[in-house]
Amino acid sequence: MAATLDLTQFLECETLATDIANKYQTLENMRSGWLTQKKEIQQYIFATDTTTTTNASLPWKNKIHIPKLCQIRDNLHANYMAALRPNDNAIVWEGDDNNSEIHEKRVTIQNYMNNKMKQGGFWTEVSKLVLDYIDYGNVFAMPVFVAEYTTDPLTGEMIPTFIGAKVQRISPYDIVFDPTAPSFAESPKIVRSLVSIGTLAAEIENKPELAYRQEIFDKMMENRRAFAPHTAGDFVKNSTYNFDGFSGFWEYFNSDYVEILDFYGDIYDKEEGKLYKNHLISVVDRSYIIRKEQNDNWLGVPPIRHAGWRVRQDNLYAMGPLDNLVGLQHRIDHLENAKADGFDLIVQPVLKVTGFVEDFDYGPGERIHAGEEGDVQFMSPDVTFLQADSQMAMYEAKMEEMAGAPKQAMGFRTPGEKTAYEVQILENGANRIFLNKTAYFEEMFLEPLLNDMLEMSRRNLNEVDNIRVLDDETQAVTFEKITKEDITARGKLRPIGARHFAQNANILQNFTNFAASALGQNPLITSHFSGKRMAQAVETLLGVEKYKVYQPNIGLYEAAEMKQIQASLDQSHMEEQTAGMSPEDAAMATQGMMAQQAEGQPPA
């Protein structure tokens, strides 16, 4: 009997690499239940009928799926994005000292970040992150610094197309961490990626800043060549050794892909007896370390950010808005299919045949030949199943409310007559969950992510960068040169979309209600209100500062300008009408036209 081969004959694994690989597998096993739950939710979101869901086992002829979870998902996504990005200038800079708070510094940092957010597809990536926030209840992202160039075909010159930080989504399926850690920042994290061998070779050659080791890549390729002459049956001892996405390790080593495990955090190397603190360590083939370097960000923690929709105590894996609605979705599909089967029993009822009856085809105009004691009767079903529609409507309304997306957010008004203040109170109460979740996402996720991007830009910007700036007042486009010193300051960026969106809408509604009330019409009260300040407040609440709507006494100047233009037009008209007349006739005609104007009549 031929001896079987062992992996150790081909792989000389590094101790630290296998420790990280084992840690990844342990953390992956710890979240197996969470992955199963998320898979079921994804099935329901994208299902077209119940055959692809856990509802497929029910004994119904009809397989109708009502996509309520999908509708709630789309509704939440649309409303979250509208609240997070009410306008194009949804960030502000707040300095921590006088030098960082001067107007020029603040405007430069805001212009720079707004420019990079637009060019780098920030909001497109945020849209994907919001979907993760809804689908999985957990969202992960990190900043990456990108320097992209294109080659001029005539001169061969390298022309920069984008230089700056971008946000990069991390799929919840591709990252594992210790869910029992005190916080996400304190937990070590492992991000798994599967790339082609050609992509890895290109990154080693073209991106030296990634610090991949060429000798490890060469060893990795040598192992693949050693595996080529053998078959999977030669490794019976290692049949259970597997890579995610492959049926076995032999299929993995004979594919065109390589698995990279990026470890972020603190780890102790038992072989070297050394603690690596705040390090990025990349493992390939779960055997070799192809990169080991200190995380060089100034914040002292790995630059991966996380937020959860419904935070659990003592568990970093949060719940999503759809998690505990799957049962109601199951119930809705159950009722809909039961109702459809009930209608089928009415249209094609069960027949009760008594005595001798010749075979017949059931249908309109069909004749049935029965013996003396033969008979055919319809077995009519109980029609109480028709109440299923009202039950389904009740369940759908409950699902909307429990997900924090009431019908008012979709444009439907609740029944009953209400006063203006009652509408406002109900609107605030109905949207409280929605506003809380958007503000949390903005404050706990987007804000640190934006500051990570700014920090990375400061650290990596080694040349002058040109940004496109649009002047709000003149709408003229200018280009500004930015250096590292221009965006270096003490302070933080703050996204202001969701938090100010609800607050401004509430204050503006209160202003409107007050102005229409008896108190707002009382001159003893209104005489103490500043018209200028009210106009300035309305401009701010409406978010139209960029259009310079508010200018002190601008209405008076514009009215005077209109009168001046009107007088000039009237004078020109008089001169045209009296051209060629004698002085006496011209004087009489002018007096007549002036009299018509005084009476409010248009000139003839």
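This structure is a prediction, so every number in the text was calculated from the model and none was measured.

A. Layout of the overall build of the protein. A tally of helices and strands in the protein yields 19 helices and 16 strands. Within the protein, buried positions represent 37% of all 604 residues. For the protein, the share of sequence-separated contacts (at least 6 apart) that also reach a separation of at least 24 residues comes to 68%. Accessible area of the protein: about 33900 Å², with a carbon and sulfur share of 54%.

B. Looking closely at a nonpolar patch on the surface. Where nonpolar side chains cluster on the molecular surface, the patch consists of Phe343, Ile346, Val347, Val383 and Leu386 and spans about 440 Å² of accessible area. Following the sequence through the fold, Leu386 ends up in the loop between strand S13 (375-379) and helix H11 (388-402). By relative accessible area, which is 42% here, Leu386 ends up partly exposed.

C. The packing of aromatic side chains, seen in detail. Scanning all chains against the criterion turns up 11 aromatic pairs. A ring pair is formed by Tyr80 and Phe434, whose centres lie 5.4 Å apart and whose planes are at 0°; its orientation type is stacked. Taken as a pair, Tyr80 in helix H3 (residues 68-84) and Phe434 in helix H13 (residues 432-460) lie far apart in primary sequence, 354 residues in all. Both residues of the pair, Tyr80 and Phe434, count as buried. With centroids separated by 4.6 Å and ring planes inclined at 25°, the aromatic side chains of Phe177 and Tyr317 adopt a geometry described as stacked. On the criterion of sequence distance, the pair formed by Phe177 in strand S4 (residues 175-177) and Tyr317 in strand S11 (residues 315-319) is long-range, its members being 140 residues apart. Across the ring face of Phe162, the terminal group of Lys116 is positioned such that the distance to the ring centre comes to 5.2 Å. The residue whose ring lies beneath Lys437 is Trp309, and the NZ or CZ to ring-centre distance is 4.4 Å.

Conventions adopted
- Residues numbered from 1 in each chain as written.
- Predicted model: local features only at pLDDT ≥ 70, side-chain atom pairs only at ≥ 80, totals over all residues.
- Heavy atoms only, no water.
- Helix = DSSP H or I, 4+ residues; strand = E, 2+ residues; numbered from the N terminus.
- Buried < 20%, exposed > 50% of the residue type's maximum accessible area, 1.4 Å probe, protein only.
- Contact = heavy atoms within 4.5 Å.
- Areas by Shrake-Rupley, 256 points an atom, 1.4 Å probe, with all protein chains shown as cover.
- Patch = residues over 30% accessible without salt bridge, like charges linked within 9 Å, V, L, I, M, F, W, Y side chains within 5 Å.
- Salt bridge = Lys/Arg side-chain N within 4 Å of Asp/Glu carboxyl O.
- Phe/Tyr/Trp six-rings, centres within 6.5 Å; stacked < 30°, edge-to-face > 60°.
- Lys NZ or Arg CZ within 6 Å of the ring centre and 35° of its normal.

Interpretation in functional terms is not warranted from these geometric data alone.
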